[in-house]
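Chain residues, written in single-letter form:
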Amino acid sequence: SQRLVKNCPYIKKVDIKQKFPNTVCFVVEEQEAGWYVQVGKDFYGLDFDMKVLLETYMEQELIDRGLTKLVLPELEEVIVGELPKFASDDEQLMKESLKIIDAFRTHELKGILTGLDISNRFEIKLQIDNSYEVYFGDMTSFDIKMKALTEVLRKSSIDYGYAGGTITWDEAYSSFALK
């Protein structure tokens, strides 16, 4: 089962159970892709821990699967079945990237998050529902910023019948603070 997991990146876990006298049961747990990155003309699907699960030349295939585009700090190497290798050997960079990704992955807005640019952790940018560009800044006051963003998105689409545009942290904060 270890070889199967190693050779097939989509397989997370395999349990093999033998039922006597002559039956073997395989229980396979699959990895789920949640993000994709672009390197040159290639696109790579990543699981939520950033393990590379697939490679394709067609971005639309990944969009159709509902994957969120992820822009990371410069990548040196991307190999299916492994974690992407950053051009910088700074292990802290990988840890910080995973921390940021996890914060957005577990937030209620993940379902409408269509892009996340963390190439610069101090200038994070989001794309919401392919309609809004959000300049998020850094991860300081993450929960407050996400509450404010949620409120701005709700007001924008409900009160004004308008969907789309650019949202900066200053706009989101002042809109939220006025409530």
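It should be emphasised that the depicted structure is a prediction, and the values quoted were computed from it without experimental measurement.

1. Here we look at the nonpolar core
- Ranked by size, the top nonpolar core spans 32 residues in total, and within it L70, L72, F104, L116 and L126 carry the most contacts.
- Counting only elements with at least two residues in this core, the list comes to strand 3 (33-39), strand 4 (42-47), helix 3 (91-105), strand 9 (113-117), strand 10 (124-128), strand 11 (132-137) and helix 4 (142-159).
- Excluding its chain neighbours within four sequence positions, the residues that come into contact with L116 are W35, T68, K69, L70, V71, I101, F104, I124, K125 and L126.
- Counting residues in each nonpolar core, the second largest holds seven residues, with A33, Y36, F43 and L53 among its members.

2. Things to note about the packing of aromatic side chains
- Taken as a whole and judged by the stated rule, the model has five aromatic pairs.
- Both rings, one in F104 and one in F142, keep their centres 5.1 Å apart while their planes meet at 85 degrees; by these two values the pair is edge-to-face. One end of the pair, F104, is in helix 3; the other, F142, is in helix 4, with 38 residues separating them in the sequence. Comparing F104 with F142 shows no difference in burial state: the two are buried.
- Among the aromatic residues, ring-to-ring pairing joins F104, F136 and F142 into one connected group.
- Positioned above the aromatic ring of F136, the side-chain terminus of K145 is 5.1 Å from the ring centre.

3. Here's the deal with the sheet that holds strand 9
- Strand order across the open sheet formed by eight strands is 5-4-3-6-9-10-11-12, with mixed pairing between neighbours. Each of the sheet's edge strands pairs with one partner strand only, and the pair in question is strand 5 (52-56) and strand 12 (165-168). Along the sheet, successive strands turn relative to each other by an average axial angle of 20 degrees, direction set aside.
- Taken together, the four bridges between strand 4 and strand 5 define a ladder with antiparallel strand orientation. Counterpart to Y44 in the pairing with strand 5 is E55.

4. Considering the pairing of strand 5
- Of all five residues making up strand 5, four are buried, and the element is well covered by its neighbours.
- Linking two consecutive strands that pair antiparallel, namely strand 4 and strand 5, is a turn of four residues; a positive phi of about 75 degrees is found at M50 within it.

5. Regarding the environment of K99
- Checked against the element boundaries, K99 lands in helix 3.
- Remark: the alpha-carbon pair of K99 and M139, spanning 40 residues in sequence, is separated by 9.8 Å.

6. Structural notes on empty space enclosed by the protein
- In the structure shown here, the tally under the stated rule is two cavities of 30 Å³ or more.
- Of the voids in this model, the second largest cavity is the one considered here, and its volume is about 30 Å³.
- In terms of lining residues, the second largest cavity is bounded by F104, H107, L109, K110, L113, I128 and M146.
- Looking at side-chain class alone, the lining of the second largest cavity contains five nonpolar, one polar and one charged residues.

7. Here's the deal with unusual backbone geometry
- With omega at 10 degrees, the peptide bond leading from F20 into P21 counts as cis.
- At D129, a position not held by glycine, the phi torsion is positive, near 50 degrees.
- The exposure class assigned to D129 is partly exposed, which follows from its relative accessible area of 47%.
- One non-glycine residue with positive phi stands out, namely S141, at about 55 degrees.
- Here S141 shows up in the loop between strand 11 and helix 4.

Procedures and definitions
- Residues numbered from 1 in each chain as written.
- Predicted model: local features only at pLDDT ≥ 70, side-chain atom pairs only at ≥ 80, totals over all residues.
- Heavy atoms only, no water.
- Core = buried A, V, L, I, M, F, W, Y, C linked by side-chain atoms within 4.5 Å.
- Buried < 20%, exposed > 50% of the residue type's maximum accessible area, 1.4 Å probe, protein only.
- Helix = DSSP H or I, 4+ residues; strand = E, 2+ residues; numbered from the N terminus.
- Contact = heavy atoms within 4.5 Å.
- Phe/Tyr/Trp six-rings, centres within 6.5 Å; stacked < 30°, edge-to-face > 60°.
- Lys NZ or Arg CZ within 6 Å of the ring centre and 35° of its normal.
- Pairing = 2+ DSSP bridges.
- Axes fitted to C-alpha atoms, helices over the stretch in contact; angles between N-to-C directions.
- 1 Å grid on protein atoms, 1.4 Å probe; cavity = no way out; pocket = protein on both sides within 12 Å on 5 of 7 lines; lining within 4 Å.
- Points joined across faces, edges and corners; volume = space filled by probe spheres on them.
- Nonpolar A, V, L, I, M, F, W, Y, C, P; charged D, E, K, R; others polar.

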